[in-house]
Amino acid sequence: MTIFCDTNIVMEYLQQRQHAAQVEQILNHAAQAGDLLIISVGSFYTITYLTERYLKADQSLSKQDRTSLRYILNGVLSTFKMADIFVGCISEGVNDLQFDDLEDSYQAHIAASFGCDVLLTINERHFTRFASNSNVIVMTPQAFITTYMAE
């Protein structure tokens, strides 16, 4: 299975937000099942920015010491494959009137162009119209666990 993870999925885990335990279950399951976890390059930029800001606010990051940030980002790089962004995906995203949030539109079009089976997101409702017109199944972490990991 190929699972595209929206930026908010990675940030849930890294910042130990409300759905962090569910995301961790999915990451562990994907690793054991040999599933491919995908993020976009745009997500990686945003993850870098948000993680750096989070560590600075937590006073875990000084200007001189970037070790913890680099450690976290290397963990992301070893967990997720980076989806190439094609100009066509961005153009489709810009012009897709199904989306009010263009960043979500980019994510959806990248997931579709990469042939992902699932787009995992906290904001499932942002992708409702896309999901009904696509082969990509959009779901929350809880829905994924219930659908694919129930024993």
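Above this text sits the structure in question.
All residue numbers refer to position in the chain's written sequence, counted from 1. In keeping with the model being predicted, local features are shown solely for residues with a pLDDT of at least 70 and side-chain atom pairs are shown and tallied solely at 80 or more, while totals for entire chains, interfaces and linings include all residues. Only hydrogens and water are set aside when side-chain values are computed; all heavy atoms of the structure are taken into account.

Chemist: Where do I start with the packing of helix α1 (residues 7-14) against helix α3 (residues 41-57) in this structure?
Modeler: Note on geometry: axes are lines fitted to C-alpha atoms, helical ones only across the stretch in contact, with angles between N-to-C directions running from 0 to 180 degrees. By definition, any uninterrupted DSSP run of H or I lasting at least four residues is a helix, any uninterrupted run of E lasting at least two residues is a strand, and each is numbered from the N terminus. Their axes nearest at 10 Å, the elements α1 and α3 cross at an angle of 30 degrees. The orientation of α1 relative to α3 falls into the category roughly parallel. Seen from above, α1 lies across α3 with right-handed handedness. From α1, T7, V10, M11 and L14 reach across to α3, where they touch S43, T46, I47, L50 and T51. Comment on the angle field: the value is read as roughly parallel under 35 degrees, roughly antiparallel over 145, roughly perpendicular from 65 to 115, and oblique elsewhere. Less than a right angle of anticlockwise turn of the near helix away from the far helix marks a crossing as left-handed, whereas a clockwise turn marks it as right-handed. Contact definition: two residues touch when any of their heavy atoms are within 4.5 Å.

Chemist: What exactly am I supposed to notice about the nonpolar core here?
Modeler: As a rule of thumb, nonpolar side chains are buried together in soluble globular proteins. Throughout this description, the term nonpolar core refers to a set of buried Ala, Val, Leu, Ile, Met, Phe, Trp, Tyr and Cys residues connected via side-chain atoms within 4.5 Å. Burial status follows relative accessibility: with a 1.4 Å probe on protein chains alone, a residue under 20% of its type maximum counts as buried, one over 50% as exposed, and anything between as partly exposed. Formed by 25 residues in total, the largest nonpolar core has its most connected members in C5, I39, F80, L120 and F144. Of all the secondary structure elements, the ones that give two or more residues to this core are β1 (2-5), α1, α2 (20-33), β2 (36-40), α3, α4 (67-79), β4 (118-120) and α8 (141-148). Core analysis: the next-biggest nonpolar cluster, separate from the first, contains 13 residues, I38, C116, L119 and F130 among them.

Chemist: Can you help me understand the side chain of D6 in this one?
Modeler: Structurally, D6 can be placed in the loop between β1 and α1. Charged-residue counts in this description rest on Lys and Arg as positive and Asp and Glu as negative, His and the chain ends being excluded. Salt bridges are defined as contacts in which a side-chain nitrogen from Lys or Arg sits within 4 Å of a carboxyl oxygen from Asp or Glu. Although buried, D6 forms no salt bridge, and the nearest oppositely charged side chain, R17, lies 9.7 Å from it. Contacts described as polar in this section are N or O atom pairs within 3.5 Å, which, within protein, must combine one atom able to donate a hydrogen with one able to accept it, while residues neighboring in sequence count only if both atoms come from side chains. Side-chain polar atoms of D6 contact the side chain of Q107, separated by 3.2 Å. Here T121 takes part through its side chain, which lies 2.8 Å from a polar atom of the side chain of D6. Discounting chain neighbours no more than four positions away, the residues touching D6 are E103, D104, Q107, L119, L120, T121 and F127.

Chemist: Whenever I open this one, the environment of G42 confuses me. Can you help?
Modeler: Mapping G42 onto the fold places it in helix α3. A relative accessible area of 29% means that G42 is categorised as partly exposed. Counting along the chain gives 65 residues from G42 to Q107, while the straight-line C-alpha distance between them is 8.5 Å.

Chemist: Whenever I open this one, the state of the cysteines confuses me. Can you help?
Modeler: Should the sulfur atoms of two cysteines be covalently bonded, the bond is a disulfide. The criterion for a disulfide is a pair of cysteine sulfur atoms lying within 2.5 Å. Under the definition given, this model contains zero disulfides. With no disulfide of its own, C5 has C116 as its nearest cysteine by sulfur position, at a separation of 8.9 Å.

Chemist: Any chance you could explain α4 here in plain terms?
Modeler: Working note: α-helix, 3.6 residues per turn, so residues spaced by three or four point in the same direction. A helix is expected to span 1.5 Å multiplied by its residue count minus one. Between its first and last C-alpha, α4 extends 18 Å over 13 residues, near the 18 Å set by a 1.5 Å rise per residue. Buried residues of α4: L69, L73 and V76, and no others. Buried residues in α4, looked at end-on, bunch into an arc of 50 degrees, giving them a common side. Set apart from the buried face of α4 by more than 90 degrees, the exposed residues are T67, R70, Y71 and S78. Relevant arc is that of directions from the helix axis to the C-beta atoms, nothing else.

Chemist: Just checking my understanding: could you explain unusual backbone geometry for this structure?
Modeler: Excluding glycine, residues mostly have negative phi values, and the peptide bonds linking residues are mostly trans. Phi is positive for Q16, which is not a glycine, with a value near 50 degrees. In this structure, Q16 sits in the loop between α1 and α2. Residue Q16 is classed as exposed on the basis of its relative accessible area, which comes to 55%.

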